[in-house]
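# Coordinates in review
Residues per chain, in single letters:
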Amino acid sequence: MARPENVMQVFSLLDKSNCRKCGEKTCLAFAGAVYQGRRPVTDCPTIDHDRARPFIETAVAGPPEDDQDAFLKDLVDRITRCDLRQAAARTGGRFDGEKLTVKVLGKDFSVDSSGKLYSDIHMIPWVVVPFLEYVLNAKGQPVSGDWVSFRELAGGKARYPLFQKRCEEGMQRIADVYTDLFDDLTHLFQARQVESLFDADISVILPVLPLVPLMICYWKADEGIGSSLNIFFDRSVDANLGNASAFTLGAGLTQMFEKLAIRHGCVIDHT
Ligand code: SF4
């Protein structure tokens, strides 16, 4: 597996049509996201797989730590140039003259104009990065009530196998063996029970961010049909967050569920 040496090396592989099918506004923005390790190069549907082969697994492995730090620093720099009062209107947050505060999984998460973060909960990267991207990029599109799978998000299809493996299968492993605990864990994150949606045995909506709800549906095994678990996003997530941060949130939540389940004495089978 090779890492691109610079953004232009990725850009040279793209057809430069700026068609937006990957969910980015331009091919150059997409090349930057690949270089930073936030997007797999395969999220561009017109990419020539033979030419791109050396970089195909780059985002699967995730960016090296130096790049993660640089990426976070870039987000913080952009926050210092962001109008937080205006961002409050776009994000469903509130601005008190100094800090913008947004509810993340029901808890206050704030940032000031110098990019300093404040919260009662831990500053974990899988929350910090989506929070900052949400503040910077949310377009304020209202929640539609139309639920879509990750693969239906712009650019989500190519990345869906990884989302399924890292998020949906991880949560399902817990729900299969420790169903009641799984239900309890979702409520730890402020989940709201939804009445028999899609006939699922468990249907809950987690208020991840004010305009980014996430729905988990779990069906128990029944009469020879295996169990299944699906995660859905509101269709507005493309406009308010984007698939890279939606992926980060799903993977982070799954990891958190696994950690809490293990702390409760559960044995998680990863085979
Ligand atoms: S899908 Fe590919 S060609 Fe279209 S904007 Fe994205 S990177 Fe460019």
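The text that follows walks through the structure, step by step, so that each part is easy to find.

The rules we used
Residues numbered from 1 in each chain as written. Predicted model: local features only at pLDDT ≥ 70, side-chain atom pairs only at ≥ 80, totals over all residues. Heavy atoms only, no water. Near = heavy atom within 4 Å. 1 Å grid on protein atoms, 1.4 Å probe; cavity = no way out; pocket = protein on both sides within 12 Å on 5 of 7 lines; lining within 4 Å. Sits in = over half its atoms within 2 Å of the grid points. Nonpolar A, V, L, I, M, F, W, Y, C, P; charged D, E, K, R; others polar. Buried < 20%, exposed > 50% of the residue type's maximum accessible area, 1.4 Å probe, protein only. Helix = DSSP H or I, 4+ residues; strand = E, 2+ residues; numbered from the N terminus. Pairing = 2+ DSSP bridges.

## As for the site of the ligand
Surveying the vicinity of the ligand reveals 13 residues, the closest of which are Asp15, Cys19, Cys22, Cys27 and Cys44. If you map the ligand onto the pockets, it falls in the largest cavity. Within the shell around the ligand, the residues separate by chemical class into seven nonpolar, three polar and three charged.

## Let's talk about the pairing of strand β8 (residues 212-219)
Summarising burial for β8: eight of the eight residues are buried, a large majority. In terms of strand pairing, strand β7 (residues 202-209) meets β8 through seven bridges, oriented antiparallel. Bridge pairing in β8 places Pro207 opposite Pro213. Hairpin remark: β7 followed by β8, antiparallel, with two residues in the connecting loop. Here β8 pairs with strand β9 (residues 228-234) via six bridges, running antiparallel. Paired with Ile216 across the strands is Ile231, a residue of β9.

## Topic: the pairing of β7
On a regular strand, each side chain points to the face opposite its neighbour's, so the side chains alternate between the two faces of the sheet. The element β7 is largely enclosed, with a buried count of seven among its eight residues. Here strand β6 (residues 192-193) runs beside β7; their pairing, made up of two bridges, is antiparallel. Directly across from Gln193, in β7, lies its bridge partner Val204.

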